[in-house]
Amino acid sequence: GAVSVSNDANGISAVIPGWFSEISPMWPGEAHSLKVEKILFQGKSDYQNVMVFQSSTYGKVLVLDGVIQLTERDECAYQEMITHLPLCSIPNPKKVLVIGGGDGGVLREVARHSSVEKIDICEIDKMVIDVSKQFFPDIAVGYEDKRVTLHVGDGVAFLKAVPEGTYDAVIVDSSDPIGPAQELFERPFFESIARALRPGGVMCTQAESIWLHMHIIEDIVANCRQIFKGSVNYAWTTVPTYPSGMIGFMVCSTEGPAVDFKHPINPIDENDTQHSARPLKFYNSELHTAAFCLPSFAKKAIGSK
Ligand code: SAM
């Protein structure tokens, strides 16, 4: 018969002693597990359960409501791609908005672009910010950049109040659509992003896995095709500690100067990096172009929307 397994609220495994297991209705029937060396932090914010543990093979791990948000070892594959796919596709990005991303990793990546003058971030959960500064200094280093302004609040409300045409790029680094991030996957939110962007401005948003969530992706793509009149694309990267080992991004532009995301025109000048961040580990322009190539089954589902 069926065995039902329930971990504690932070995902500490009920079946493998000393391991973290990622069990969720979002990926039924599978549970990626990591060996825990030491639990470093457990807390409950107004929005979610927050945990940090030292793993034996991926460094420190940040977990929200039992779901892995990042590990020190593979965060580069996510943070670098979600940031440089949009920013390397347009000339001279100046104003950038980050929604979510409380760990600071996307800020660290945006700050590599010397053309950028202003970086706003709106993260809902102050505990995520504080915990990242305490346990993930190489990621939270993004907050040290002088161009960053932090807003603690709901990204949906924040975007509604943004004057039309303000940003060159909006990056949505959200958690999954169960919990505080639910509205970040819905149509009105995408409409506010399009309004907040200048003509020919770009958006990149976390868009789930083609192995697990094709129906969610198809809905997002259908919405985006109606809202973003420049272009609508799905790109992806590998992240070993995310369910199914990969994650996708919706990469879109508004009507205006054309943006050809598959051919990046604004490479990062590593000599010009304005802060103490490490060199790029993952992103390069070959990967940028390759990220838009899809397996046949995904191409068929996404292309037909
Ligand atoms: N940067 C990460 C990585 O490397 O994979 C992971 C995701 S990040 C920690 C997701 C953040 O989105 C969380 O800190 C969460 O609190 C935030 N968030 C969720 N819903 C939000 C909302 N409605 N407005 C603003 N931030 C939100």
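Residues numbered from 1 in each chain as written. Predicted model: local features only at pLDDT ≥ 70, side-chain atom pairs only at ≥ 80, totals over all residues. Heavy atoms only, no water.

### Here's the deal with the nonpolar core
- Formed by 42 residues in total, the largest nonpolar core has its most connected members in Ile193, Met203, Cys224, Phe228, Tyr234 and Met250.
- For this core, the leading source of residues is helix 7 (residues 214-227), giving 7 residues.
- Tyr78, Cys88, Val110 and Phe261 belong to the second largest nonpolar core, which has 37 residues in total. (Core = buried A, V, L, I, M, F, W, Y, C linked by side-chain atoms within 4.5 Å. Buried < 20%, exposed > 50% of the residue type's maximum accessible area, 1.4 Å probe, protein only. Helix = DSSP H or I, 4+ residues; strand = E, 2+ residues; numbered from the N terminus.)

### Quick word on the UniProt feature "active site" (unreviewed entry) in the protein chain
- Mapped onto this numbering, the UniProt entry annotates "active site" (unreviewed entry) at Asp173.
- Within the secondary structure, Asp173 sits in strand 9 (residues 167-173).
- Relative accessible area serves as the criterion here: at 9%, Asp173 is assigned to the buried category.
- Ignoring sequence-local partners within four residues, the contact set of Asp173 consists of Tyr78, Gln79, Ile82, Ile99, Gly100, Gly101, Asp103 and Val106. (UniProt positions renumbered as here; feature names shortened; annotations may be inferred. Contact = heavy atoms within 4.5 Å.)

### What to know about the pattern of salt bridges
- Tallying each qualifying case throughout the model produces 11 salt bridges.
- With a closest N to O distance of 2.9 Å, Glu80 and Arg278 form a salt bridge. You can see Glu80 sitting in helix 1 (residues 75-87) and its partner Arg278 sitting in the loop between strand 12 (246-253) and helix 8 (285-290), a full 198 residues away along the chain.
- In this structure, the salt-bridge partner of Lys118 is Asp120, at a minimum N-O distance of 3.1 Å.
- The class for Asp120 is buried, based on a relative accessible area of 5%. (Salt bridge = Lys/Arg side-chain N within 4 Å of Asp/Glu carboxyl O.)

### Some points on the state of the cysteines
- Enumeration according to the criterion identifies 0 disulfides in this entry.
- Here Cys76 is not disulfide-linked; the sulfur of Cys88 is the nearest cysteine sulfur, at 15 Å.
- With no disulfide of its own, Cys204 lies 8.7 Å from the sulfur of Cys252, the closest cysteine sulfur.
- For Cys204, a relative accessible area of 0% gives the class buried. (Disulfide = S-S within 2.5 Å.)

### Examining the UniProt feature "domain: PABS" (unreviewed entry) in the protein chain
- Mapped onto this structure's residue numbering, the UniProt feature "domain: PABS" (unreviewed entry) falls at residues 17-254.
- For residues 17-254, helix accounts for 26% and strand for 34%, while the C-alpha atoms at its two ends are 50 Å apart.

### Observations concerning the packing of helix 6 (residues 187-196) against helix 7
- Following both chains from N to C, one finds helix 6 and helix 7 inclined at 35 degrees, their axes separated by 10 Å at the closest point. Between helix 6 and helix 7 lies a crossing whose hand is right-handed. Counted together, Arg187, Phe190, Glu191 and Ala194 of helix 6 and Ile220, Asn223, Cys224, Gln226 and Ile227 of helix 7 form the full contact between these two elements.
- Tallied by class, residues from the contact of helix 6 with helix 7 come to 5 nonpolar, 2 polar and 2 charged. (Axes fitted to C-alpha atoms, helices over the stretch in contact; angles between N-to-C directions. Left-handed = near helix turned anticlockwise from the far one by under 90°. Nonpolar A, V, L, I, M, F, W, Y, C, P; charged D, E, K, R; others polar.)

### What to know about empty space enclosed by the protein
- Scanning the model with the defined rule gives 1 cavity of 30 Å³ or more in all.
- Counted as a void, the largest cavity has a volume near 480 Å³.
- Forming the boundary of the largest cavity are 42 residues, of which Gln69, Asp173, Ser174, Ser175 and Asp176 lie nearest the centre.
- Those elements that provide at least two residues to the lining of the largest cavity are strand 4 (60-64), strand 5 (67-71), helix 1, strand 6 (95-100), strand 7 (118-123) and strand 12.
- When its residues are assigned to classes, the lining of the largest cavity shows 20 nonpolar, 14 polar and 8 charged. (1 Å grid on protein atoms, 1.4 Å probe; cavity = no way out; pocket = protein on both sides within 12 Å on 5 of 7 lines; lining within 4 Å. Points joined across faces, edges and corners; volume = space filled by probe spheres on them.)

### Side note on the layout of surface pockets
- Estimated volume of the largest pocket: approximately 270 Å³.
- Considering the residues around the largest pocket, the lining is formed by 14 residues, among which Asn233, Tyr234, Lys262, Phe292 and Leu294 are closest to the centre.
- Of all elements in the fold, only helix 7, strand 11 (231-238) and helix 9 (296-303) reach the threshold of two or more residues within the lining of the largest pocket.
- Of the residues contributing to the lining of the largest pocket, the split by class is 8 nonpolar, 3 polar and 3 charged.
- Within this model, the second largest pocket holds a volume of roughly 210 Å³.
- Forming the walls of the second largest pocket are 15 residues, and the residues nearest its centre are Leu64, Asp65, Val67, Asp176 and Ile178.
- Within the lining of the second largest pocket, the residues separate by chemical class into 8 nonpolar, 5 polar and 2 charged.

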